[in-house]
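Read off the chains here:
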Amino acid sequence: MIYITRRLEFCASHRLYNPKFSDQENAEIFGLCNNPNGHGHNYVLEVTVKGDVAPDTGMVLDLKALKKLINHEIIDKVDHKNLNVDVDFLKDIIPTAENIAIKFWELIEPKIENGSLHELKLYESERNYVVYRGN
Ligand code: NI
């Protein structure tokens, strides 16, 4: 079994806020990400697919095809967008890295044709990232 990873980047803004909480509670829970007018992140997404090496190509999959799929399903929908209001699949959820990674998984996992999706790693900053493996 081989694991193959494609790294992509996108820029987006968001605001972390739960209307169930008071303004003060929101500020305490979400910190800088609660800034009332939002703020941006330079996100980095690493998509790892696992599979067997096909003898005829020596490859698990065509990385160009994987890049195209991720761009079409994810990056084109979130790059230079406000994640709170511009992105259909993030409506009504708090756009934390955790929630975003889960939604990204749901979008691409059924569409990987060669191999299977193993892991998504979403960096919100150089120091902060989440890992999701589908459960
Ligand atoms: Ni933030």
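That block above? That's the structure.
Residues numbered from 1 in each chain as written. Predicted model: local features only at pLDDT ≥ 70, side-chain atom pairs only at ≥ 80, totals over all residues. Heavy atoms only, no water.

A separate point is the pairing of strand S5 (residues 129–132). Covered by surrounding structure in S5 are Val130 and Tyr132 only, the residues Tyr129 and Val131 on the alternate face being uncovered. Examined bridge by bridge, strand S4 (residues 116–123) and S5 share 4 bridges and lie antiparallel to one another. Within S5, the residue paired with Lys121 across the bridge is Val131. In this structure, the hairpin formed by S4 and S5 is closed by a connection of 5 residues. (Buried < 20%, exposed > 50% of the residue type's maximum accessible area, 1.4 Å probe, protein only. Helix = DSSP H or I, 4+ residues; strand = E, 2+ residues; numbered from the N terminus. Pairing = 2+ DSSP bridges.)

His14 (NE2), Cys33 (SG), His39 (NE2) and His41 (NE2) make up the full set of protein donors to the nickel ion, lying at 2.0 to 2.1 Å. Relative to the metal, the 4 donor atoms surrounding the nickel ion lie at angles of 93 to 131°, and the coordination shape comes out tetrahedral. On the basis of relative accessible area, His14 is assigned to the buried category, the value being 1%. Among the residues examined, Cys33 registers a relative accessible area of 13% and is labelled buried. (Donors = N, O, S within 2.8 Å, 3.2 Å for Na, K, Ca; no water. Tetrahedral: all angles 85-135°; square planar, octahedral: opposite > 155°, others 65-115°.)

Before going further, it helps to examine the packing of aromatic side chains. Inspection of every chain in the model, using the stated rule, returns 5 aromatic pairs. When the centroid spacing of 5.9 Å and the interplanar angle of 65° are considered together, the rings of Phe10 and Phe104 count as edge-to-face. Taken together, the positions of Phe10 in strand S1 (residues 2–14) and Phe104 in helix H3 (residues 97–108) put the pair 94 residues apart, joining distant regions of the chain. Clustering of aromatic rings is evident, with ring pairs tying together Phe10, Tyr43, Phe89 and Phe104. Over the ring of Tyr123 we find Arg7, and its NZ or CZ is 6.0 Å from the ring centre. (Phe/Tyr/Trp six-rings, centres within 6.5 Å; stacked < 30°, edge-to-face > 60°. Lys NZ or Arg CZ within 6 Å of the ring centre and 35° of its normal.)

Ranked by internal contacts, the top residues of the largest apolar core, which has 33 residues, are Phe10, Leu45, Val47, Ile74, Phe104 and Leu122. With 7 residues, H3 is the largest single contributor of residues to this core. If near-sequence neighbours (up to four positions away) are discounted, Phe10 is found in contact with His41, Asn42, Tyr43, Leu45, Ile75, Val78, Asp79, Phe104 and Leu122. (Core = buried A, V, L, I, M, F, W, Y, C linked by side-chain atoms within 4.5 Å. Contact = heavy atoms within 4.5 Å.)

The first and last C-alpha atoms of H3 sit 17 Å apart over 12 residues, in line with the 16 Å expected at 1.5 Å per residue. Looking only at H3, the buried set comprises Ala97, Ile100, Ala101, Phe104, Trp105, Leu107 and Ile108. Down the axis, H3 shows its buried residues gathered within 160° of arc, on one side only. Buried residues along H3 sit against S1, strand S2 (39–51), helix H2 (63–78), S4 and S5. (Expected span 1.5 Å × (residues − 1). Arc of directions from axis to C-beta.)

As paired strands, S1 and S2 are joined by 13 bridges and run antiparallel to one another. Among the inter-strand pairings, Phe10 is bridged to a residue of S2, identified as Tyr43.

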